[in-house]
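# Notes for the structure review
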Amino acid sequence: MIRDLLCMTAPVREGFDIPCHEIGPKSSHPAAALVAGLHGDEINGIFILSRLADFLNSVEAGKYPELRLVRRVLIIPAVNVLGVNLRTRTWPFDKTDINRMFPGSTTGETTQRIAYALLESTKRAEYRIDIHTASTDFEEIPQVRLHGPSDTERETARMFGLPAIMERSLSPVFTTTLMASWKVWPGESFVLRVGQAGIVQLDHCQRVFRSMVQFLGRVGVLEGVQIAAEDEEVCFFNKASAFRVLAEKAGTFVSDSHVGRWVRAGQELGYIYDSFGGKVIEKVVAPVAGLLTGIRRHPLLFEGDLILRVNRKS
Amino acid sequence: MRTETFFTIEMPYCERMETRRTIFSGGNGPRVAVVAGVHGDELEGLYVCHRLAAWLEEMLRSSPHGLRGSIELYPAVNTLGLDTLTRGLPVFDTDLNRAFPGSDSGPLPARLAAALMKALSGSALVVDIHASNIYLREIPQVRINQEFDDLLVPVARHMNLDLIWLHSAATVLETTVAHSLNSSGTPCLVVEMGVGMRITPEYCDQLVAGMLAVWKEMGVLAPDISVPEISHTPLIADDSNVHYLNAQTSGMFIPAASHWTDVHRGELLGTIVSPFRGDTLSEVRSPVDGILFSLREYPLVYEGSLMARVMSHKGVRA
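Residues numbered from 1 in each chain as written. Chains lettered and ligands numbered in written order. Predicted model: local features only at pLDDT ≥ 70, side-chain atom pairs only at ≥ 80, totals over all residues.

Across its full length, chain A holds six helices and 19 strands. In summary, chain A has a C-alpha radius of gyration of 20 Å against a globular reference of 20 Å for 314 residues, a match within 12%. In terms of principal-axis extent, the alpha carbons of chain A reach across some 60 × 50 × 35 Å. Evaluated residue by residue, chain A yields a buried proportion of 46% over its 314 residues. In chain A, the proportion of contacts linking residues at least 24 apart, taken out of those at least 6 apart, comes to 65%. (Helix = DSSP H or I, 4+ residues; strand = E, 2+ residues; numbered from the N terminus. Rg over C-alpha atoms; globule rule 2.2 N^0.38 Å. Buried ≥ 20, exposed ≤ 12 C-beta atoms within 10 Å, placed from the backbone. Contact = placed C-beta atoms within 7 Å.)

Contacts between the two partners involve 28 residues from chain B and, on the opposite side, 30 residues from chain A. Where the side of chain B that touches chain A is concerned, the elements lending two or more residues are strand 1 (2-10), helix 3 (108-120), strand 11 (251-255) and strand 16 (300-301) of chain B. Taken together, the residues that form the side of chain B that touches chain A break down as 14 nonpolar, nine polar and five charged. (Nonpolar A, V, L, I, M, F, W, Y, C, P; charged D, E, K, R; others polar.)

Residues and elements named next belong to chain B. With antiparallel pairing, four strands are arranged side by side in an open sheet as 14-13-11-16. Whereas interior strands pair on both sides, the edge strands pair on one side only; in this sheet they are strand 14 (280-285) and strand 16. Bridging between strand 13 (residues 268-273) and strand 14 involves five bridges; their strand directions are antiparallel. Note that in strand 14 the partner of T271 across the bridge is E283. (Pairing = 2+ DSSP bridges.)

Before going further, it helps to examine unusual backbone geometry. Residues F102(A) and P103(A) are joined by a peptide bond in cis, for which omega reads 5°. Mapping P103(A) onto the fold places it in the loop between helix 2 (81-86) and helix 3 (110-122). Positive phi, close to 60°, is recorded for K95(A), a residue that is not glycine. The topology assignment puts K95(A) in the loop between helix 2 and helix 3. The phi torsion at V91(B) lies on the positive side, around 70°, for a residue other than glycine. With respect to the helices and strands, V91(B) occurs in the loop between helix 2 (79-83) and helix 3.

What follows deals with the packing of helix 1 (residues 44-62) of chain B against helix 6 (residues 201-218) of chain B. To describe two helices that pack against each other, one gives the angle between their axes and the distance between the axes. All names here are of chain B. Direction vectors running N to C along helix 1 and helix 6 enclose 55°, while the axes themselves pass 9 Å from each other. In terms of axis orientation, helix 1 runs oblique to helix 6. Taken as a pair, helix 1 and helix 6 cross one another with a handedness that is right-handed. Counting all contacts with helix 1, which are made through E44, Y47, V48, R51, L52 and W55, the residues of helix 6 involved are Y203, C204, D205, L207, V208 and L212. (Axes fitted to C-alpha atoms, helices over the stretch in contact; angles between N-to-C directions. Parallel < 35°, antiparallel > 145°, perpendicular 65-115°, else oblique. Left-handed = near helix turned anticlockwise from the far one by under 90°.)

Moving on, we get to the sheet that holds strand 13 (residues 251-254) of chain A. Residues and elements named next belong to chain A. Taken in spatial order, the four strands make up an open sheet running 16-15-13-18, and their pairing is antiparallel. Because the sheet does not close on itself, it has two edges, and the strands there are strand 16 (280-285) and strand 18 (300-301). Inspection of the sheet shows strand 13 paired to strand 15 (residues 268-273) by three bridges, in the antiparallel sense. Within strand 15, the residue paired with T252 across the bridge is Y273.

Next comes the structure, spelled out in structure tokens:
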């Protein structure tokens, strides 16, 4: 079933709404609430969730006789609807970040009203998942991000079967995010970070689609899922395991390295060129042996920009 | 008087970004600073810096010993944003005032924030001037986190402003320059006034007079130097007497009342209309007897857009 989470007016165009999918047996609240597109340019998550909605609707329609959706799933592929259409990360009218507007309110600014409606519809779910990407400049390995997690959340995070689980503390910067507002409620909350903004990365999307299906199978929302043997190890990384390489010099960065590869200490991963003179001014090498979990994709570097991150196995 | 670069960073193709300050040095008296242009669309503070520089240059010509301490002006912190009509930091798409205290390594926003913190820390008083945004016009006011009100309110009372707005700690953002400075022991007042992308000369001169008076009181200026008259006494606002008027429907907001005037409960403050039809979509009326201290400048509104703030009279003058 398709429902409108929120309907609002606009100054001169017709009103707008935020549609969502509600799939599976009726219930007072969804067992799983899946959200993407809080930022309008994070298309991987929008693509994954729209594909997942199509898949679960097909399950409901009986196209996969071995599968049965036994609990209700709420799917919101994109919260920042106008941002998606206008290709902007933030709310296009006043350029505010919707993910800095939580818990929101019914009487405040437009983005606060959007935040409130989103929180109300998702907060009672037992499993809440918010899918993001890195910026348009940077690519992240598909990963589970935990912010000040409970022990249960640490365990549950493994059920996605994604190659990396990254744990961070709850910084004051995040107090107005959806994740921070979810944490006030019983239930478990996860952020997935998948690739980079602005494009669909098919490999990453397919991988996360499979991991979402596995997750729904393992937590008992979708019955009949063949639980795959893990094709690779799930690594748990805290902040201390992250080794970042920052640009010592400005210039043009090029690399044919891929996230998700294990690298040796000192392995060459890319080059910085003098953007005017054309000479190589720096070889970028892995600072330690470990998993390449993120790499810069926009070539133009300011001094100090993050180029890549390698996580050492603990 | 000298203008110098206090932060520089290499850009991808040939250029360097440089951020500059102007320093007026006198004796060993207190050091004070003015910060403006953290947001690239807020220009009021830039003009305040110009007016201060003009006053100081003139004063030093006639009274070379009139300056007892030193005065630092940081008029254009978000250099690239100001030069390109962008509120945030271009390329990084970040609000610089959410990047404090920053760090010496890391990307531009963190480094610029850290450089500014280092430059300002230890000042006897920092004034961080903001100019609202392009949507709302604000009366000259200082906004103070209640965590620091003991120290800051007495100074703010003498700054020739119209309003002191006390914010409870829960509603304060911790990553601003002001919060970072106050938390680390450097007093910082946040002034909000005017409207984005515009200059309101009378507000700027009002603040200039207030800062000069405070600096004279602090001993930054010599006691025999005459400074402009103080003519404004601030009202006090807090969470209990500020009322927000958010749009009930989308459209064009047409004000019916003037900014910074007394209004009565039920009085019409404006209407929301549509360019497609002749009737009125929504009337905006004051919820209380009070004073209209914020008024929408940018006409188009969405449901929820803030159109005005009214402060009810508590009968309290600072």
